[in-house]
Amino acid sequence: MSKTDEIDDTSAPLIEHLAELRTRLIRAVLAFIVGIVLAFTVAEPILQFLLAPIEATLRDLGDPSPTLQYTSPQEYLFTLFRISMVFGFALSFPVIGYQLWRFVAPGLYRSEKGAFLPFLVASPFMFLLGASFAQFVVTPLAMQFFLGFADVSSIFANLLTGGGGTVPSDVAVVPETTDGVKITFFGKVNESLDITLKFIMAFGLCFQLPVLLTLMGKAGLVSAEGLGSVRKYAMVAILTLAALVTPPDVVTQVILFVVVYGLYEVSIFLVARVEKKREAQLRAEGYYDDEEAFDDPLMAEFDAEEAEERKE
């Protein structure tokens, strides 16, 4: 290992590490609390944004005034507080990530810092990408699937006439029928929000797959050849995941499968690039064993490509 690739700080006593950890945790918790407070001030607009797919679906089904209810005095407050915690963490993540980085950075070599920092930046970006995909693509499809079984337009009119009050002139009255009991949707705020947040968390975590596998490849825990050899098992696992985190809708499950499997293939490509860069660096430093590399198909392919480049 070169002299420039050295740990910045010398080893510190255990008590100093514990004191440093306590300081970083306190700062992270304070940042989280501030994020919760800031998010709580705009929790109502955030709630409206998260419930927008439900509102749009109900309007498409004929309900001119979509309404959700809460059945306990504290339910609405706790719903806003739940939103504040989730988005407060999102707001405070840069500070939390920075505190984590400042704690682990002194124990890393300079080359390791250069390798770890991009992943720390890519992780929140990929999570945001997955969350956006869930909010704007998956959740509307799920709401159309779940709410599409009832004709809420006729139900809404029946509710207007059932109380004995005056029906507005701009609302069509549905005539009485003996065809059976009408089934209506009385959505609860917390339950409707729950499914939206589950989609956001599920897709946000699924989009971490390239970051996680590339980081593991950087550490030598996985290889592109190994990931490629278990493709069939990965497909089964992804199909199982799609069945668990999505509604029983084939379209939504296919979307999740295609997206996550595409991320898996991207991960294999990124791990292969990481391996080639690491091998080139080992060659330059004289640590590369050509005899061992010859037995490795990936190394042989790398050598063949390098030989062709030299000929050209």
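Residues numbered from 1 in each chain as written. Predicted model: local features only at pLDDT ≥ 70, side-chain atom pairs only at ≥ 80, totals over all residues. Heavy atoms only, no water.

J.: Pulling in residues and values, what's your account of helix α2 (residues 43-50)?
T.: An α-helical segment advances 3.6 residues per turn. Residues three or four places apart therefore align on the same side. When α2 is considered as a whole, its buried residues turn out to be Ala43, Ile46, Leu47 and Leu50. Here the buried residues of α2 occupy an arc of 100° about the axis, which is enough to place them on one side. (Buried < 20%, exposed > 50% of the residue type's maximum accessible area, 1.4 Å probe, protein only. Helix = DSSP H or I, 4+ residues; strand = E, 2+ residues; numbered from the N terminus. Arc of directions from axis to C-beta.)

J.: Please provide a residue-by-residue account of the packing of helix α1 (residues 14-41) against helix α4 (residues 75-104), values included.
T.: Running from amino to carboxyl end, α1 crosses α4 at an angle of 145°, the nearest separation of the two axes being 6 Å. In this structure, α1 crosses over α4, and the sense of that crossing is right-handed. Broken down by class, the residue content of the contact of α1 with α4 amounts to 18 nonpolar, 6 polar and 4 charged. (Axes fitted to C-alpha atoms, helices over the stretch in contact; angles between N-to-C directions. Left-handed = near helix turned anticlockwise from the far one by under 90°. Nonpolar A, V, L, I, M, F, W, Y, C, P; charged D, E, K, R; others polar.)

J.: Would you mind going over the UniProt feature "transmembrane region" (unreviewed entry) in the protein chain in detail, with residue names and values included?
T.: Within this numbering scheme, the UniProt entry marks residues 25-43, 76-96, 116-138, 199-221 and 254-274 as carrying the feature "transmembrane region" (unreviewed entry). For residues 199-221, the end-to-end C-alpha separation is 29 Å, with 78% helix and 0% strand making up the annotated structure. For the annotated span residues 254-274, helix accounts for 100% and strand for 0% of the residues, and the straight-line distance between the end C-alpha atoms is 30 Å. (UniProt positions renumbered as here; feature names shortened; annotations may be inferred.)

J.: I'd love a proper account of the side chain of serine 92, names of residues and values included.
T.: Following the sequence through the fold, serine 92 ends up in helix α4. A polar atom in the side chain of serine 92 sits 2.9 Å from the backbone oxygen of glycine 88. Those residues within four positions of serine 92 in sequence are excluded, and the remaining contacts are Ala31 and Phe32. (Polar contact = N/O pair within 3.5 Å; in protein donor to acceptor, adjacent residues only side chain to side chain. Contact = heavy atoms within 4.5 Å.)

J.: Can you lay out the nonpolar core for me, pointing to particular residues and giving the numbers?
T.: Formed by 34 residues in total, the largest nonpolar core has its most connected members in Leu47, Phe203 and Phe207. Within the residue set of this core, elements represented by two or more residues are α2, α3 (52-60), α4, α5 (110-147), α7 (189-206), α10 (231-245) and α11 (250-285). Residue contributions to this core peak at 9 residues, all from α5. The residues touching phenylalanine 207, leaving out its near neighbours within four places in the chain, are Met126, Leu129, Gly130, Phe133, Val259 and Leu263. Val222, Ala224, Leu227 and Ile268 belong to the second largest nonpolar core, which has 8 residues in total. (Core = buried A, V, L, I, M, F, W, Y, C linked by side-chain atoms within 4.5 Å.)

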